[in-house]
Amino acid sequence: MRLLLLAGGSFLALSSPAFAQGQSEEPPAETTTDSPIDSVVDADATPAVEAATPTGDPILDRLNALEARVRQLEARNAELEQQAELNEGRLETVETRAAKAAQFSWTPTISDPSGNFSFRPRGVVEADVAAFIERKGGYDYNNGTAFRRARIGFEGTAYKYFNYRVEMDFAGNAVNLTDAYLQYSKIPKTLLTFGQHKAPFGLESNNSDNFNMFLERGMFTNAFGNVGAERRIGLSAAYAPKENLNLAIGLFGDNESISRSNSTPVTDTPDESWGFNGRATWEPIFDTGKIVHLGLSGYYRMALKSGDTQDAVRLSDRPNVRVDNGNIADSGVITGVRSLSYGGAEAAVVLGPFTAAGEVGRIWLDRPDLSNKSFTGFYSYVAYMLTGETRPFRGGNFDRVRPFKELGKDGLGAFELALRYDSLDLSNTPVAARAGNEAETITLGLNWYFNPYAKLMFNWIHFRGDNTPLDPDGSKTEGDAFATRLHYDF
């Protein structure tokens, strides 16, 4: 275009009367009011361009003036293009905000146009059915149904940098507060959380309940977590300097649902326990469909109690199913415990549809006037997505499985096979009635993911234990549980 304008300007200069007379009587081109070029753009809206210095040659001066005008038009054209891009971006922003104002999936998400405030209902429902076959032991397991979780709550954002969540659980004919916390997110790469929330612990414990691969976590995860982790009131800080590195530490009291003692005299009422929790995770390989995860966790706890018994601890868990409440692992109430500490290690590998993971943990009981005790547990499992999906990772934990083809939409959903070995050794307990207690399970699972938020889970659990509370007639307990769970969350 610039060449065309210069050529046109040269033609006008050569064909003008001033050229024919050999003199220039017209004012400079930039001040001409009837030029076709001047009429293209309003001069007041056009960026100013420095006028060329007169040379005394009328043709050269005319060409210089035209070239200056071309530069002026090019600058104005660039401004108009930038303005058009800005307007387009503003339009997209308005459309995006309008779309975010009310979005629907299972439930609506509502936010203001600025994005500083949002509100979303949340919850999870899990209905279990289980049948037992007893092989050894005198305990009569109860076949039946139960709601493992029936939670409802809400979460959102306030004043841009604050996240909040409140959630209640109505399962088991009881009402318990699960989450009730406030988070502050303005500090770069750091998240501060205050209220009742999960204390840093291990992979299974800190993973969302919605993403469990089996009906229940490993026995040692539950037994050791109940005395020093899980959901507690406290303050924690999580720091993620890189996407594949996560550090968390916190100071915690007890869970809100733990009631005050009614013992008399009131001077015998044990104080609330408290302690520190920490966890560090690292993924040396972190790519889509290829993940290697490593982690360490630990906690230290003081002022322990079991019921109304001060300086006491009880470690126990059921055989990976909750329809029947019988404990297959139980240390009994261990007294004289001044403090306890825990250390654990975790690892996981994801290679396309294949996943392998495991954890090991050990807990130490400090009993100043008695013999110290320690207990160990571990689990390991492998899983394979039959339909080719891969398990994602985020923030040091497994994330939600998203089927390639959803049930009722474009396919049958996703299918996953899983196998786990789980062991908890409490044989070193000083409680004579439970001495030698240990338990193990082997679980075969099949998971059918309808979509990212609903699934059907099947578990065949073979369990056995030595000197368990489930065996009043002998020393061995053994059996099988066939359990299924319908899960959906929102």
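Residues numbered from 1 in each chain as written. Predicted model: local features only at pLDDT ≥ 70, side-chain atom pairs only at ≥ 80, totals over all residues. Heavy atoms only, no water.

- The name that an unreviewed UniProt entry assigns to the protein is Porin, with the source organism given as Sphingomonas cremea.

Here's the deal with the overall build of the protein
Inference 1: For the protein, the count of helices and strands is five helices and 24 strands.
Inference 2: Relative to its 490 residues, the protein shows a buried fraction of 43%.
Inference 3: Carbon and sulfur atoms form 58% of the exposed surface of the protein, whose accessible area is close to 24,800 Å². (Helix = DSSP H or I, 4+ residues; strand = E, 2+ residues; numbered from the N terminus. Buried < 20%, exposed > 50% of the residue type's maximum accessible area, 1.4 Å probe, protein only. Areas by Shrake-Rupley, 256 points an atom, 1.4 Å probe, with all protein chains shown as cover.)

Some remarks on the nonpolar core
Inference 1: Ranked by internal contacts, the top residues of the largest apolar core, which has 48 residues, are F224, Y299, L315, L340, I363, F375 and L424.
Inference 2: Here this core takes five residues from helix α5 (residues 219–228), the largest share from any one element. (Core = buried A, V, L, I, M, F, W, Y, C linked by side-chain atoms within 4.5 Å.)

Some words on α5
Inference 1: With respect to burial, α5 is a largely interior element, nine of its 10 residues being buried.
Inference 2: Every buried residue belonging to α5 is among M219, F220, T221, N222, A223, F224, G225, V227 and G228, and all of these are buried.
Inference 3: E230 sits one or two residues past α5 and shows a positive phi near 55°.

Here's the deal with unusual backbone geometry
Across the chain, the bulk of peptide bonds are trans and the bulk of non-glycine residues have phi less than zero.
Inference 1: The phi dihedral of Y159 is positive, around 50°, even though this residue is not glycine.
Inference 2: Assignment of secondary structure puts Y159 in the loop between β4 (144–158) and β5 (162–169).
Inference 3: In the Ramachandran plot, N173 falls in the positive-phi region, its phi being about 55° despite a non-glycine side chain.

Considering the pattern of salt bridges
If the charged atoms of two oppositely charged side chains come close together, the side chains can form a pair.
Inference 1: For the coordinates displayed, the defined rule picks out 33 salt bridges.
Inference 2: E155 is the salt-bridge partner of R122, the closest N and O atoms lying 3.2 Å from each other. Here the residue R122 occupies a position in strand β3 (residues 118–136), and E155 occupies one in strand β4, the gap between them amounting to 33 residues. This pair shows no difference in class: R122 is buried, exactly as E155 is.
Inference 3: Note that D489 and R400 form a salt bridge whose closest N and O atoms lie 3.1 Å from each other. Taken together, the residues D489 in strand β24 (residues 476–489) and R400 in the loop between β20 (397–398) and β21 (414–425) connect sequence positions 89 residues apart. We note that D489, like R400, is buried. (Salt bridge = Lys/Arg side-chain N within 4 Å of Asp/Glu carboxyl O.)

With respect to the packing of aromatic side chains
Inference 1: Counting across every chain of the model gives 21 aromatic pairs.
Inference 2: Look at F378 and Y421: their rings are 5.8 Å apart centre to centre, the planes differ by 45°, and that puts the pair in the tilted class. Taken together, the residues F378 in strand β18 (residues 373–385) and Y421 in strand β21 connect sequence positions 43 residues apart.
Inference 3: A relative accessible area of 28% means that Y421 is categorised as partly exposed.
Inference 4: Counting every residue linked through ring pairs, the aromatic cluster contains F201, F214, F220, F224, Y299, Y342, Y379 and Y381.
Inference 5: When the ring centre of F398 is taken as origin, the NZ or CZ atom of R391, which lies over that ring, is 5.7 Å away. (Phe/Tyr/Trp six-rings, centres within 6.5 Å; stacked < 30°, edge-to-face > 60°. Lys NZ or Arg CZ within 6 Å of the ring centre and 35° of its normal.)

Section: the environment of I285
Inference 1: Structurally, I285 can be placed in strand β10 (residues 274–287).
Inference 2: Separated by 41 residues in sequence, I285 and N244 have C-alpha atoms that sit 8.3 Å apart.
Inference 3: Sequence-distant contacts of I285, defined by excluding residues within four places in its chain, comprise K290, I291 and V292. (Contact = heavy atoms within 4.5 Å.)

Some points on the pairing of strand β23 (residues 454–466)
Inference 1: As paired elements, strand β22 (residues 438–451) and β23 share 13 bridges and run antiparallel to each other. From the neighbouring strand, L444 faces β23, where its bridge partner is W460.
Inference 2: Linking β22 back to β23 in an antiparallel pair, the connection comprises two residues.
Inference 3: Across 13 bridges, β23 lies against β24 in antiparallel orientation. Within β24, the residue paired with N459 across the bridge is A483. (Pairing = 2+ DSSP bridges.)

Let's talk about the side chain of E204
Inference 1: On the secondary structure map, E204 appears in helix α4 (residues 203–206).
Inference 2: Accessibility expressed as a relative area gives 10% for E204, which makes it buried.
Inference 3: Excluding residues within four positions of it along the chain, E204 makes contact with R217, G218, T221, E359, Y379 and R420.

Brief notes about the environment of S114
Inference 1: Considering the arrangement of structural elements, one finds S114 in the loop between β2 (108–111) and β3.
Inference 2: Sequence spacing of S114 and K160 is 46 residues, and the spatial spacing of their C-alpha atoms is 9.1 Å.
Inference 3: Of note is the side chain of S114, whose polar atom sits 2.4 Å from the side chain of D112.
Inference 4: Here N116 takes part through its backbone nitrogen, which lies 3.3 Å from a polar atom of the side chain of S114. (Polar contact = N/O pair within 3.5 Å; in protein donor to acceptor, adjacent residues only side chain to side chain.)

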